[in-house]
Amino acid sequence: TALVALTPNDARYQPGFEDVDTRVDAAVPFYGVYDFTNRGGHWHPDTVRLFIEPRVMQVKLAEHPEAFRDYSPMDLVRPDAPPFLILHIAGNPDTAAQARRLAAVLQGAGISAKVVGRDATHEGLNDAIGAPNDPVTKEVFAFVADALKR
């Protein structure tokens, strides 16, 4: 979600439909990865080497740092970005720290960004989203309603 919101109409990210308007009015990323370079040191040092490099990026960070930055939302913040409501698992220090860092970068660029943590597992957050009395669902609905008024 964050990558889509931060790369509208950028042909590098929409091969085959370069002429389609891909802007969005708001972004609600759920416990995402916002920095593939791990410059904040949020992940265990082996995470990049054993998971991100071979399974996600399929290149080595040391050999292709630009590729990692090109897919790191923190490096793609732009002044015309939509507002963000960033959800994360409160008990997961990796996603919580990345969510806060992305919000800080967005806010530093003048973009509205709010971080909401949920005391649950990923599955617990997924299961609760949409339930009428779920507080995170209420936050999401209010955020989207406000964004659509703009």
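None of the values given here were measured: they were computed from a predicted structure.

S.K.: Is there a simple way to explain helix H6 (residues 135-149) in this structure?
M.R.: Quick reminder: α-helices carry 3.6 residues per turn. Residues three or four places apart thus point the same way. The end-to-end C-alpha distance of H6, which contains 15 residues, comes to 22 Å, matching closely the 21 Å that a straight helix rising 1.5 Å per residue would cover. Residues of H6 that are buried include every one of Val 136, Thr 137, Val 140, Phe 143 and Ala 147, and no others. Each buried residue of H6 sits inside an arc of 130° when the element is viewed along its axis, so together they form one side. Residues of H6 that are exposed and angled more than 90 degrees away from the buried face: Pro 135, Phe 141 and Lys 149.

S.K.: Please explain the side chain of Thr 137 as it appears in this structure.
M.R.: Residue placement: Thr 137 occurs in helix H6. Residue class for Thr 137 comes out buried when judged on its relative accessible area of 3%. Thr 137 has contacts with Ala 128, Ile 129, Gly 130 and Ala 131, leaving out every residue within four places of it along the chain.

S.K.: I keep staring at unusual backbone geometry and nothing clicks. Help me out?
M.R.: Negative phi is the rule for most residues except glycine; trans is the rule for most peptide bonds. With phi around 60°, Asn 38 is a residue other than glycine that occupies positive phi space. Taking relative accessible area as the criterion, Asn 38 reaches 14% and is therefore assigned buried. Positive phi, close to 60°, is recorded for Gln 58, a residue that is not glycine. Residue position: Gln 58 is located in the loop between helix H2 (45-57) and helix H3 (65-70). Relative accessible area serves as the criterion here: at 62%, Gln 58 is assigned to the exposed category.

What counts and how
- Residues numbered from 1 in each chain as written.
- Predicted model: local features only at pLDDT ≥ 70, side-chain atom pairs only at ≥ 80, totals over all residues.
- Heavy atoms only, no water.
- Helix = DSSP H or I, 4+ residues; strand = E, 2+ residues; numbered from the N terminus.
- Expected span 1.5 Å × (residues − 1).
- Buried < 20%, exposed > 50% of the residue type's maximum accessible area, 1.4 Å probe, protein only.
- Arc of directions from axis to C-beta.
- Contact = heavy atoms within 4.5 Å.

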